Number of protein chains: 4
Amino acid sequence: MEQGKSLTEVLGIVASEMQAHLGHGRVADYIPALAKIDPRQFGIVAASCDGQVVAAGDADMAFSVQSISKVFMLTMALEKLGGALWRRVGKEPSGSPFNSIVQLENERGIPRNPLINAGALVVTDALLARGDPAALIDGFVEFMRDRANDESVSIDSEVARSEGETGFRNASLANFLKAFGNIHSDVNDVLRVYFHQCALRLNCRQLARAGLYLAHCGVDPVSHAKVTTAQRARRINALMMTCGHYDASGDFAFRVGLPGKSGVGGGILAIAPGRASIAVWSPGLNEWGNSHVGVLALERLASLTGWSVF
Amino acid sequence: MEQGKSLTEVLGIVASEMQAHLGHGRVADYIPALAKIDPRQFGIVAASCDGQVVAAGDADMAFSVQSISKVFMLTMALEKLGGALWRRVGKEPSGSPFNSIVQLENERGIPRNPLINAGALVVTDALLARGDPAALIDGFVEFMRDRANDESVSIDSEVARSEGETGFRNASLANFLKAFGNIHSDVNDVLRVYFHQCALRLNCRQLARAGLYLAHCGVDPVSHAKVTTAQRARRINALMMTCGHYDASGDFAFRVGLPGKSGVGGGILAIAPGRASIAVWSPGLNEWGNSHVGVLALERLASLTGWSVF
Amino acid sequence: MEQGKSLTEVLGIVASEMQAHLGHGRVADYIPALAKIDPRQFGIVAASCDGQVVAAGDADMAFSVQSISKVFMLTMALEKLGGALWRRVGKEPSGSPFNSIVQLENERGIPRNPLINAGALVVTDALLARGDPAALIDGFVEFMRDRANDESVSIDSEVARSEGETGFRNASLANFLKAFGNIHSDVNDVLRVYFHQCALRLNCRQLARAGLYLAHCGVDPVSHAKVTTAQRARRINALMMTCGHYDASGDFAFRVGLPGKSGVGGGILAIAPGRASIAVWSPGLNEWGNSHVGVLALERLASLTGWSVF
Amino acid sequence: MEQGKSLTEVLGIVASEMQAHLGHGRVADYIPALAKIDPRQFGIVAASCDGQVVAAGDADMAFSVQSISKVFMLTMALEKLGGALWRRVGKEPSGSPFNSIVQLENERGIPRNPLINAGALVVTDALLARGDPAALIDGFVEFMRDRANDESVSIDSEVARSEGETGFRNASLANFLKAFGNIHSDVNDVLRVYFHQCALRLNCRQLARAGLYLAHCGVDPVSHAKVTTAQRARRINALMMTCGHYDASGDFAFRVGLPGKSGVGGGILAIAPGRASIAVWSPGLNEWGNSHVGVLALERLASLTGWSVF
């Protein structure tokens, strides 16, 4: 820690510095239910492997996790299917925006990685396995309540419905994958689960807590729950590093130096392996669809803590 | 270190296990001077930040560094130009093969990152700055002798000439960049330097030593030379992690978990920040143009040492 | 006509020569209801502007017109909307397979031309105009009965249903267009009409008769019905020439020299302006999805008649 | 001819109407020697198969033919190599700008057609056949003098040099083709010929005369010289129709309905098969690199004469 600052001091500095940047960026407006959110909000929480939880700003305001859900669904899918999942989805950065369809056509329906929309749809389909969408949605909420250690965690059904009504790009991707045989369940079932997982609401406190197993070799250091293997946790972190911020993943690695996953709700989950799980939230997005202030805050945090993995 | 094994023991295990894999992969044949090399060779050296150097296999056999030179030229360019370099080259994984031209057309002549060929040509042009190609080649050799702490380091002029005679793809890229105004010097001058930097010969011992500043915040821990700033060293590592293995960069991060840069001569430089610089060499390449056995060896090394950054 | 041969003689020669080629090519298998058709069939009919109708081979076997329907829907849409249609769809060859989605992403949801699937979906949506799908389907059948001068013309509902069940690629395209705002009606309504128009059944006699207005400045020379203006007829022919055979359109122009439109049912409609409308059918497709023997037959017909426009 | 107008009257009307449009469009500025031309010029000449030559406007002003040379080099190459040429270049519209390199990468160095730059470089290489560039340049000038029936036809060496100094995009394409083995001669030799053929100067009178064989089954109707076969003439016309105006070829076919080839010098050669060869020139270019007023003039001419092939 720079100049012997405590984690509490660091988060205070970050939260204070970020005030000047609030209001920059645009709130995601393609999901009507998200478009009404005040962009001038900011929260940050670091949950460390030794059980400490430090918060600053709007740490208790719940937001829509959106694409951050992909990390947790991926964890569930790897536990269920193991390495067989990688026959259906790749591990490479896509070099394209989050909802691109071009690469899919060239690569015959195998999405580049599980953290872009196409790949996440395949992960959801793999978990669904022609089963019951409602049961999978329930299972996901259950998993997230365990991770966040908070039974109040739930899905915002208005957001889920709102996504369903306007999610033509995702419907296009899912049908495209189905045309290549890489969606096995009914397209509408897969989309239903996907729209619900994205609509999960968490606050920074819950999200930081939920990601802690990724900073601690797959085991929740507080509850001691064995969520996944050490190797899988490392690999999920590797994917977050190379693919977690769409076509700004390289920039995030360059500036922050931590594995991270962003969502268009304005949240970012970042992992400092062996140290902490960090959740940050600010709804204004930059041109790549990542939280403008969230990335800045993590850059400062990494700089002040020296937590960059590089 | 797993089960308390020493670094010497770990490298011995890795070198021994790799014997079974030698002969797989294909030697790069598009550069005639490289096509004659026996693929059944393997060397590995780890130089640690505390000054220890451990070797196994063909650690003293010199090979052509090829694209690994991009890391060192990038270091030189950042020292010379600072952040201004990033106006001419990006920081994102390309999602394409090493010599792709497609992305350049869509993105108006700004290469995705400095570790693909197009980006490296821009870096070379930035260092050349309409100056003398011979002087830049000399300056690069000088820099590498300092890094490797070995005055015998030199360029294989036969390989440099061989590349010049067959490097139509690189000539195409350089002319393309020139058409977009992102090459300022004469195209032939830039190509001449580029073909020479690629033709530098190093053995694993020299390469591991040369990369040590990247594992130690930009400062050579042995000579105490300040090669670059801590921030730049971290950022170069970040680029190696997200972009160092072309369109298999995600797979390398997933399997090895260390920043690395490969060359078609069969070498790979990997960095374990704060710990060591590792050079591995085996000439047989996999389908992405990276050393087949080199990647396997680093995967085992990372597993046995626990050096993955994730 | 070469060596003073009559049209009857020419079609006899063509039909006879084609026997040797039957069985080449593959029947479209992605629509189950089409996959069962015997590929060793061939029919050809030329309807000339002076009212003559000449037939050879299986001229009375009905087949699924599939993409040939795009020509007639385009005619209807131009009559309804005029030049305003061209704000929603282009006039350029796509250089891509019939169902490509790549170009759509780059060009923000404006399909290259109305004869590829994406463009045809926009044409269908333009005709639907948030109206009643069943009424549009009826209107199309009505239009085709008038064109073919045959009240028995109808849609094969089994094929329409079969397309709906497997048309994930078209569903993907339609959702993609909707995401860009270039589908105004409900996606499922548009797809329903599209799958029905493709499932229209015609034999060569009916199809040649139906296209006659395109060979005669927009006016049916037999019934004197003014189907469209002379300029629009010419322009539809131009689009058939440059875009009528997907990414083999250039080859068709090169070999045949007539505007034409193919369908995966194995039919092709070709127009010899001022002279005749020609329908040919043989179910085996070449690698570009056009009737293998159909193209050969038209090449011979153009050669024997000298009807190439070039 | 509309309302019994003579060809002289038609050209008079067209030339008169075009006055209002002069000055629109931009003169090609990437070749310095072309950038100084006054865009407010316009010439048109129709040479009919019966020997008539009708002119209007600046019919005797010489201009740089640029890409129109591709049509004549293609004719020469087909005479020399026959159908073997098509193993090295395709016949399909590219769907891309004239100097695109993307498609080349996907299709392994086989250019889409001989009328885009990449394809024309292959045609030039095929004619060069490792021979003497100066001899090929002389042979081309000779061929054009014969076609134009004018010994004064020559190459503007300042323009040729100017293209060589700034033709980085073409140098990139040629090196790219060489990397795929689809250029056999020295890259610089091929480029030298290409830059010279583009720098040929013709006025509308000469150009219309030169293209006459394409309107008359391959035979010059005045000199009776057999330039190519009837089939090849038709096929060249077909390529001009589908590929002659880069990514505005479809629009040209739609609006004009004649095979045509444009050049960035502002010239267009259009063929009315069996009727006439038309040359038009006006230096201001539209956004696709075709003469803005030239296309308008041909659209009016086709409308007034009824010469559209559709």
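Here is what the cut-offs are and how they apply
- Residues numbered from 1 in each chain as written.
- Chains lettered and ligands numbered in written order.
- Predicted model: local features only at pLDDT ≥ 70, side-chain atom pairs only at ≥ 80, totals over all residues.
- Helix = DSSP H or I, 4+ residues; strand = E, 2+ residues; numbered from the N terminus.
- Contact = placed C-beta atoms within 7 Å.
- Least-squares fit on C-alpha atoms with pLDDT ≥ 70 in both.
- Axes fitted to C-alpha atoms, helices over the stretch in contact; angles between N-to-C directions.
- Parallel < 35°, antiparallel > 145°, perpendicular 65-115°, else oblique.
- Left-handed = near helix turned anticlockwise from the far one by under 90°.
- Nonpolar A, V, L, I, M, F, W, Y, C, P; charged D, E, K, R; others polar.
- Core = buried A, V, L, I, M, F, W, Y, C linked by C-beta atoms within 7 Å.
- Buried ≥ 20, exposed ≤ 12 C-beta atoms within 10 Å, placed from the backbone.
- Domains from an automatic or database assignment.
- Pairing = 2+ DSSP bridges.
- Expected span 1.5 Å × (residues − 1).
- Arc of directions from axis to C-beta.
- pLDDT = per-residue confidence, 0-100.

### So, the environment of His292 of chain B
No. 1: With respect to the helices and strands, His292 of chain B occurs in helix α14 (residues 292-305).
No. 2: The residues contacting His292 of chain B, other than those within four sequence positions of it, are His24, Gly25, Gly284, Leu285 and Asn286 of chain B.

### Focus on the relation of the copies chain A and chain C
No. 1: Once turned by 180° and shifted 0.0 Å along the axis, chain A lies on chain C with an RMSD of 0.0 Å. Overall, the copies show the geometry of a two-fold rotation axis. For chain A, the minimum C-alpha distance to the rotation axis belongs to Ser172 of chain A and amounts to 2.0 Å.
No. 2: Counting the interface residues of chain A, we find that 100% of their copies in chain C are interface residues as well, pointing to one common contact surface.

### Digging into the packing of helix α5 (residues 117-128) of chain B against helix α9 (residues 187-198) of chain B
All names here are of chain B.
No. 1: Where α5 meets α9, the closest approach of the two axes is 9 Å, and the angle between their N-to-C directions is 110°. Judged by the angle between their axes, α5 and α9 are roughly perpendicular. Both α5 and α9 take part in a crossing whose hand is right-handed. Where α5 approaches α9, its residues Ala120, Leu121, Thr124, Asp125 and Leu128 are matched on the opposing element by Asp189, Val190, Val193, Tyr194 and Gln197.
No. 2: Classifying every residue of the contact of α5 with α9 by side-chain character gives 6 nonpolar, 2 polar and 2 charged.

### Considering the relation of the copies chain B and chain A
No. 1: Mapping chain B onto chain A calls for a screw motion: a turn of 180° about the axis and a shift of 0.0 Å along it, with 0.0 Å RMSD after fitting.
No. 2: Looking at the interface residues of chain B, 100% of them are also at the interface in chain A, so both copies use one shared face.

### Quick look at the nonpolar core
Here is a general trend for soluble globular proteins: nonpolar side chains tend to be buried in one another's company.
No. 1: Core analysis: the biggest nonpolar cluster contains 456 residues, and Leu298 of chain A, Leu298 of chain B, Leu298 of chain C together with Leu298 of chain D have the highest contact counts within it.
No. 2: Setting aside residues up to four positions removed in sequence, Leu298 of chain B forms contacts with Val256, Leu258, Gly260, Ile268, Ala270, Ile278 and Val280 of chain B.

### Details of the domain arrangement of chain A
Residues and elements named next belong to chain A.
No. 1: What the domain assignment reports for chain A is domain 1 (2-63 + 202-305) and domain 2 (67-198).
No. 2: Computed over C-alpha atoms, the centres of domain 1 and domain 2 are 21 Å apart.
No. 3: Contact residues are listed per partner, giving 30 residues for domain 1 and 30 residues for domain 2.
No. 4: When residues of the side of domain 1 that touches domain 2 are traced back to their parent elements, those giving at least two are α2 (32-35), α10 (204-210), α11 (230-243), β6 (260-262) and β7 (267-272).
No. 5: Top element by residues in the side of domain 1 that touches domain 2 is α11. It accounts for 6 residues.

### A closer look at the interface of chain A and chain C
No. 1: Taken together, the 12 residues of chain A in the interface contact 12 residues of chain C.
No. 2: Looking at which element gives the most residues to the side of chain A that touches chain C, the answer is helix α8 (residues 168-179) of chain A, with 8 residues.
No. 3: The residue makeup of the side of chain A that touches chain C, split by class, is 6 nonpolar, 3 polar and 3 charged.

### Section: the interface of chain B and chain A
No. 1: If you look at the interface, chain B gives 28 residues, while chain A gives 28 residues.
No. 2: Secondary-structure elements contributing two or more residues to the side of chain B that touches chain A are α12 (230-243) and α13 (249-255) of chain B.
No. 3: Classifying every residue of the side of chain B that touches chain A by side-chain character gives 11 nonpolar, 10 polar and 7 charged.

### Quick word on the sheet that holds strand β8 (residues 276-281) of chain B
Residues and elements named next belong to chain B.
No. 1: Across the sheet, which stays open at both edges, the 5 strands sit in the order β2-β1-β8-β7-β6 with antiparallel pairing between neighbours. What marks the edges here is a single partner per strand, and that holds for β2 (53-57) and β6 (260-262). With direction set aside, neighbouring strand axes in the sheet form an average angle of 10°.
No. 2: Two elements, strand β7 (residues 267-272) and β8, share 6 bridges in a ladder whose sense is antiparallel. Opposite Ile268, over in β8, you have Val280 as the bridge partner.
No. 3: The strands touched by helix α1 (residues 7-18) are β1 (43-48) and β2; relative to β2, the strand with the most contacts, the crossing angle is about 20°.

### Observations regarding the pairing of strand β1 (residues 43-48) of chain D
Residues and elements named next belong to chain D.
No. 1: Counting buried positions over the 6 residues of β1 gives 6, a clear majority of the element.
No. 2: Taking every second residue as pointing to the same face, both faces of β1 are buried, with Gly43, Val45 and Ala47 on one and Ile44, Ala46 and Ser48 on the other.
No. 3: In this sheet, strand β2 (residues 53-57) lies alongside β1 in antiparallel orientation, the contact comprising 5 bridges. Bridging from a neighbouring strand, Ala46 pairs with Val54 of β2.
No. 4: Counting the residues between successive antiparallel strands, the hairpin from β1 to β2 contains 4 residues, one of them, Gly51, with a positive phi of roughly 95°.
No. 5: For β1 and strand β8 (residues 276-281), the ladder comprises 6 bridges, and the chain directions are antiparallel. Paired with Ala47 across the two strands is Ser277, which belongs to β8.

### What to know about helix α6 (residues 133-148) of chain A
Given 3.6 residues per turn, any residue in an α-helix points the same way as the ones three and four places further on.
All names here are of chain A.
No. 1: With 16 residues, α6 should reach 22 Å at 1.5 Å per residue; the first-to-last C-alpha distance of 22 Å fits that figure.
No. 2: Within α6 the residues assigned to the buried category are Leu136, Ile137, Phe140, Met144, Arg147 and Ala148. One side of α6 carries all its buried residues, which in axial view fall inside an arc of 100°. Set apart from the buried face of α6 by more than 90 degrees, the exposed residues are Ala134, Ala135 and Glu142.
No. 3: With its phi angle positive at about 50°, Asn149 sits one or two positions after the end of α6.

### Quick word on the environment of Leu269 of chain D
No. 1: Mapping Leu269 of chain D onto the fold places it in strand β7 (residues 267-272).
No. 2: Apart from the residues within four sequence positions on either side, Leu269 of chain D is in contact with Ile68, Val71, Leu207, Gly211, Gly260, Lys261 and Ala279 of chain D.

### Some thoughts on the arrangement of the chains
No. 1: In this view chain B stays clear of chain C, with the nearest C-alpha atoms of the two still 10 Å from each other.
No. 2: The two units chain A and chain D never meet; even their closest C-alpha atoms stay 10 Å apart.

### Observations concerning the sheet that holds strand β4 (residues 154-155) of chain D
All names here are of chain D.
No. 1: Taken together, 3 strands build an open sheet; the order of strands is β3-β5-β4 and the sheet is antiparallel. The open sheet has two free edges, formed respectively by β3 (63-64) and β4, since each of these has just one partner strand.
No. 2: When β3 meets strand β5 (residues 200-202), the two strands line up antiparallel, connected through 2 bridges. Note that in β5 the partner of Ser64 across the bridge is Arg201.

### Examining the confidence of the model for chain A
No. 1: Scored by pLDDT, chain A has a mean of 94; 97% of the residues are at 70 or more.
No. 2: The ipTM assigned to the predicted complex is 0.95, against a pTM of 0.94.

### Description of unusual backbone geometry
The phi torsion of most residues other than glycine is negative, and most of the peptide bonds are trans.
No. 1: Even without being glycine, Asn149 of chain A reaches a positive phi, approximately 50°.
No. 2: With respect to the helices and strands, Asn149 of chain A occurs in the loop between α6 and β4 (154-155).

### Section: the environment of Pro283 of chain A
All names here are of chain A.
No. 1: Along the chain, the position of Pro283 falls in the loop between β8 (276-281) and α13 (292-305).
No. 2: Pro283 sits in the buried class, given 28 other C-beta atoms within 10 Å.
No. 3: The residues contacting Pro283, other than those within four sequence positions of it, are Val27, Ile37, Pro39, Gln41, Gly265 and Gly266.

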